[in-house]
Amino acid sequence: MKRAALYVIAGPVGIGAYGLIRLWGKSDGVYGPGFDWQAAHLVALAGMVCFVPGVLALSRLLPRGPWRTGVVAVTLVGLAATVVQFGADIVEGLLADDRAEMSRLGADFKDVPGVAVAFYDVVPQLFFVGLLVLAGMLAARRRLPWWSVPLLLVGIVLPAVTLDLLPVGGLCMALALAPALPLLRQQTETPIAVH
């Protein structure tokens, strides 16, 4: 399953690339709307989409059961909310003429009842919690080394401290999940499914 291994790494690489493009965009003091904003968010969106088959592939390294199903479901719900968030940021960047208008459009979207919770404050965090729990389950089964879990946690927490650490966070996430790549390559080609 070479493609599965690619997806597992492409997700964190997308996060890291998003951070690098964001830093480049901020270097002139004007970040968004414009090419830099759109490029950063499109790369991030691609990374999030890659996490979907990546999470499903990682879950197949575990035995079937309700815990696996529940963790995957929670992770994918968080991912879906994150995809909507990045999609909204891209649309706002396309519609706005300047940063102030983009902020206003974002505030208008968040003011819709339930939007802030569903796509910004709460539900997107389920992706990171679910990914961390999934890594813990893989480590417990010796599918990942023990250090993958704290390294993944560092990769998740650093961008929460400041978005300027997104490149480091993406790198930490990639390094944390990389030990699973040989196992993913050994798997036989079968349809990915959640049971």
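Just so it is clear, the model here is predicted, and its values are computed rather than measured. (Residues numbered from 1 in each chain as written. Predicted model: local features only at pLDDT ≥ 70, side-chain atom pairs only at ≥ 80, totals over all residues. Heavy atoms only, no water.)

Participant: How should the environment of Phe127 be read in this particular structure?
Facilitator: Along the polypeptide, Phe127 turns up in helix 6 (residues 125-140). Residue class for Phe127 comes out buried when judged on its relative accessible area of 0%. Separated by 49 residues in sequence, Phe127 and Gly78 place their C-alpha atoms 4.1 Å apart. Phe127 has contacts with Met48, Phe51, Val74, Thr75, Gly78, Leu79 and Thr82, leaving out every residue within four places of it along the chain. (Helix = DSSP H or I, 4+ residues; strand = E, 2+ residues; numbered from the N terminus. Buried < 20%, exposed > 50% of the residue type's maximum accessible area, 1.4 Å probe, protein only. Contact = heavy atoms within 4.5 Å.)

Participant: Before we go on, may I ask you to explain the nonpolar core in this structure?
Facilitator: Soluble globular proteins: nonpolar side chains tend toward being buried together. By size, the foremost hydrophobic cluster in this structure holds 37 residues, and its most contacted members are Phe51, Leu58 and Leu184. Those elements that provide at least two residues to this core are helix 1 (2-26), helix 2 (35-59), helix 3 (66-95), helix 4 (99-111), helix 6, helix 7 (148-161), helix 8 (166-177) and helix 9 (181-186). Tallying contributions element by element places helix 2 first for this core, with eight residues. Ignoring sequence-local partners within four residues, the contact set of Phe51 consists of Gly11, Pro12, Ile15, Leu79, Phe127, Leu131 and Met173. (Core = buried A, V, L, I, M, F, W, Y, C linked by side-chain atoms within 4.5 Å.)

Participant: Teacher, can you tell me more about the packing of helix 2 against helix 3 here?
Facilitator: Any two packed helices are characterised by how steeply their axes cross, that is the angle between the axes, and by the distance between the axes. Between helix 2 and helix 3, the shortest axis-to-axis distance is 9 Å and the interhelical angle comes to 165°. For the element pair helix 2 / helix 3, the angle class is roughly antiparallel. In this structure, helix 2 meets helix 3 at a crossing whose hand is left-handed. Between helix 2, through Trp37, Gln38, His41, Leu42, Ala44, Leu45, Met48, Phe51, Val52, Val55, Leu56 and Ser59, and helix 3, the contact on the second element is made entirely by Arg68, Val72, Thr75, Leu76, Leu79, Thr82, Val83, Phe86, Asp89, Ile90, Gly93 and Leu94. Classifying every residue of the contact of helix 2 with helix 3 by side-chain character gives 16 nonpolar, six polar and two charged. (Axes fitted to C-alpha atoms, helices over the stretch in contact; angles between N-to-C directions. Parallel < 35°, antiparallel > 145°, perpendicular 65-115°, else oblique. Left-handed = near helix turned anticlockwise from the far one by under 90°. Nonpolar A, V, L, I, M, F, W, Y, C, P; charged D, E, K, R; others polar.)

On their own, these measurements won't tell you what the molecule is for.
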